[in-house]
Amino acid sequence: MVKKILIIVTLLIIILCFIPFSPAVVVYKVHTNDMLAYATLSSNQQFQIEYIHSIHLSPVVETYERTANNEIKQIELTYEDFAIGMPSQAEGQEKFVEKDGKYFIKNMNRIFPTITLRVGRVVANHTFIIGDKSIAMSSFTEPGSVIRIEVKKLSLWQSWKGVKMFD
C-alpha cells in the first residue's frame, strides 16, 4: 500500500512540473524558437523595453503590461525628440503629455500577441526593465539577432531549463 502511495505521489509531482502556472515575459530566438530568457511577472506588473533611437540618438521607453489573455498591452511611450519614427500626437483615447523635456503618450491600449524586434548592433542598447531591475538584451542574445517576446505561463520544467533574467 505504501509503495502505491509513493508511486502516485511521485507521478503527481512529475505531472505538476509540466503544468504551466507562472506568468512570465519570455524571449525566444525567432528562427529557432529557442527560449533565450524569461522574467516572471507578478499580478499587474509592468515591464519596459528601453533603447536608443537610431536616428535622433535619444532614449525611448515603451511600457507594457500583461492582459488577462496573456497578450502584451502597450500602455505608454516615452521619448525626447520628434523625429522619423516617433509619433507627434496621441490617437483615440490616448493622452499626449509634455513634461520636463520629455514627451509621453499615456493611456495607450495597443494589444500585441507577441513583439518581434531586432536587437541593436551599434547604438540601440536594447534593455529589458521590470521594476527597478534592468538587463541589456545583448546579455542573453547576440546583437543583430531577431527575437520574439511573449507573455505566457511557464511550468516548473520550463522555468528550470530556461535562463532567468533576474535572480
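Keep in mind the model is a prediction, meaning the values are calculated, not measured.

The rules behind the values
- Here the residue numbers are simple positions, counted from 1 along each chain's written sequence.
- Local features are withheld for residues below a pLDDT of 70 in this predicted model, meaning they are given only at 70 or higher, and side-chain atom pairs are given and counted only at 80 or more; totals for whole chains, interfaces and linings count all residues.
- In computing side-chain properties, one takes all heavy atoms of the structure into account and sets aside hydrogens as well as water.
- Only DSSP runs of H or I covering at least 4 residues are called helices, and only runs of E covering at least 2 are called strands; the numbering of each starts at the N terminus.
- Only the C-alpha atoms count toward the radius of gyration. The rule for a globule is 2.2 Å times the residue count to the power 0.38.
- Buried means the residue's accessible area, taken with a 1.4 Å probe over protein chains only, is under 20% of the maximum for its type, while exposed means over 50%, and partly exposed covers the values in between.
- The contact definition used throughout considers only heavy atoms, calling two residues in contact when any of these lie within 4.5 Å.
- Accessible surface is estimated by sampling points in the Shrake-Rupley manner with a 1.4 Å probe; for residues, cover comes only from the protein chains shown.
- Note on charges: Lys and Arg go in the positive column, Asp and Glu in the negative column, and His and the chain ends are not counted at all.
- The atom standing in for a charge is NZ when the residue is Lys, CZ when it is Arg, CG when it is Asp and CD when it is Glu.
- Should DSSP find at least two bridges between two strands, the strands are taken to pair.
- Only the stretch in contact is used when fitting a helix axis, every axis being a line fitted to C-alpha atoms; angles between N-to-C directions are given from 0 to 180 degrees.
- Polar contact is the term for a pair of N or O atoms within 3.5 Å; when the atoms are in protein, one must be able to donate a hydrogen and the other to accept it, and sequence-neighboring residues count only if both atoms are side-chain atoms.
- Each Phe, Tyr or Trp ring, with Trp reduced to its six-membered ring, pairs with another whose centre is within 6.5 Å; inter-plane angles below 30 degrees give stacked pairs, above 60 give edge-to-face pairs, and intermediate values give tilted ones.

Enquirer: Looking at this model, I keep getting lost on the overall build of the protein. Mind explaining?
Expert: Scanning the protein from N- to C-terminus turns up 2 helices and 12 strands. Element order for the protein, N to C, with α for helix and β for strand: α-β-β-β-β-β-β-β-β-β-β-β-β-α. Against the globule reference of 15 Å for 167 residues, the protein gives a C-alpha radius of gyration of 19 Å, more extended than a compact globule. The principal-axis extent of the C-alpha atoms belonging to the protein is close to 70 × 35 × 25 Å. Among the 167 residues that make up the protein, the fraction classed as buried is 40%. In the protein, of all internal contacts separated by at least 6 residues, the share reaching a separation of at least 24 is 57%. Carbon and sulfur atoms provide 55% of the accessible area of the protein, an area that totals close to 10,100 Å². Separation of charge centres in the protein, based on 18 positive and 16 negative side chains, amounts to 12 Å.

Enquirer: Please explain the sheet that holds strand β1 (residues 22–29) as it appears in this structure.
Expert: Across a sheet, paired strands are connected by hydrogen bonds in the backbone, their directions being either parallel or antiparallel. Here 4 strands make up an open sheet; going across it, the order is β2-β1-β12-β9 and the pairing antiparallel. The outermost strands of the open sheet, each flanked by one partner alone, are β2 (35–40) and β9 (115–118). Each strand axis lies, on average, 25° off the axis of its neighbour in the sheet, ignoring direction. As defined by bridge partners, β9 adjoins strand β12 (residues 146–154) across 4 bridges and the pair is classed as antiparallel. Residue Ile 115 lies in a different strand from β12, and its bridge partner there is Ile 149.

Enquirer: In this structure, what is going on with the side chain of Ser 159? I would like to understand it.
Expert: Structurally, Ser 159 can be placed in helix α2 (residues 156–161). If sequence neighbours within four positions are ignored, Ser 159 has contacts with Tyr 38 and Leu 154.

Enquirer: Quick question: what am I supposed to make of the pairing of strand β6 (residues 95–99) here?
Expert: One face of the sheet, then the other: side chains in a regular strand alternate in exactly this way. With 0 of its 5 residues buried, β6 lies for the most part at the surface. Counting the residues between successive antiparallel strands, the hairpin from β6 to strand β7 (residues 102–106) contains 2 residues, one of them, Asp 100, with a positive phi of roughly 55°.

Enquirer: When you look at the side chain of Arg 148 in this model, what are you seeing that I'm missing?
Expert: Tracing the backbone shows Arg 148 in strand β12. Among the polar contacts made by the side chain of Arg 148, one reaches the side chain of Asn 33 at a distance of 2.9 Å. Beyond its immediate sequence surroundings of up to four residues, Arg 148 is in contact with Val 26, Val 27, Tyr 28, Val 30, Asn 33, Thr 114, Ile 115 and Thr 116.

Enquirer: What's the story with the pairing of β2 in this structure? I'm lost.
Expert: The pairing of β1 with β2 spans 5 bridges and is classified as antiparallel. Residue pairing across strands places Val 26 opposite Tyr 38, the latter belonging to β2. In textbook terms, the turn of a hairpin is the stretch between consecutive antiparallel strands, and for β1 and β2 this stretch comprises 5 residues, one of which, Asn 33, has a positive phi near 60°.

Enquirer: Even after reading the chapter, I still don't get the environment of Asn 33, so can you show me in this structure?
Expert: With respect to the helices and strands, Asn 33 occurs in the loop between β1 and β2. The partly exposed category is assigned to Asn 33, whose relative accessible area is 47%. As for Asn 33 and Val 151, which are separated by 118 residues in sequence, their C-alpha atoms are 14 Å apart. Each residue touching Asn 33, except ones within four places of it in the same chain, is listed here: Tyr 28 and Arg 148.

Enquirer: Please clarify how the packing of aromatic side chains should be interpreted in this entry.
Expert: What characterises a pair of aromatic rings is the spacing of the ring centres plus the angle enclosed by the ring planes. Taken as a whole and judged by the stated rule, the model has 5 aromatic pairs. Ring geometry for Phe 47 and Tyr 64: centres 5.5 Å apart, planes at 25°, overall stacked. Taken together, the residues span a long stretch of sequence, with Phe 47 in strand β3 (residues 46–52) and Tyr 64 in strand β4 (residues 59–66) at a distance of 17 residues. The residues Phe 47 and Tyr 64 share a single accessibility class, namely buried. When the ring of Phe 47 is compared with that of Phe 128, the centres are 5.6 Å apart and the planes differ by 25°; the resulting orientation is stacked. Placement of the pair is Phe 47 in strand β3 and Phe 128 in strand β10 (residues 127–130), with a sequence separation of 81 residues. A relative accessible area of 0% means that Phe 47 is categorised as buried. The class for Phe 128 is buried, based on a relative accessible area of 0%. Three or more aromatic residues joined by ring pairs make a cluster, and in this case those are Phe 47, Tyr 64 and Phe 128.

Just distances and angles here, no functional claims.
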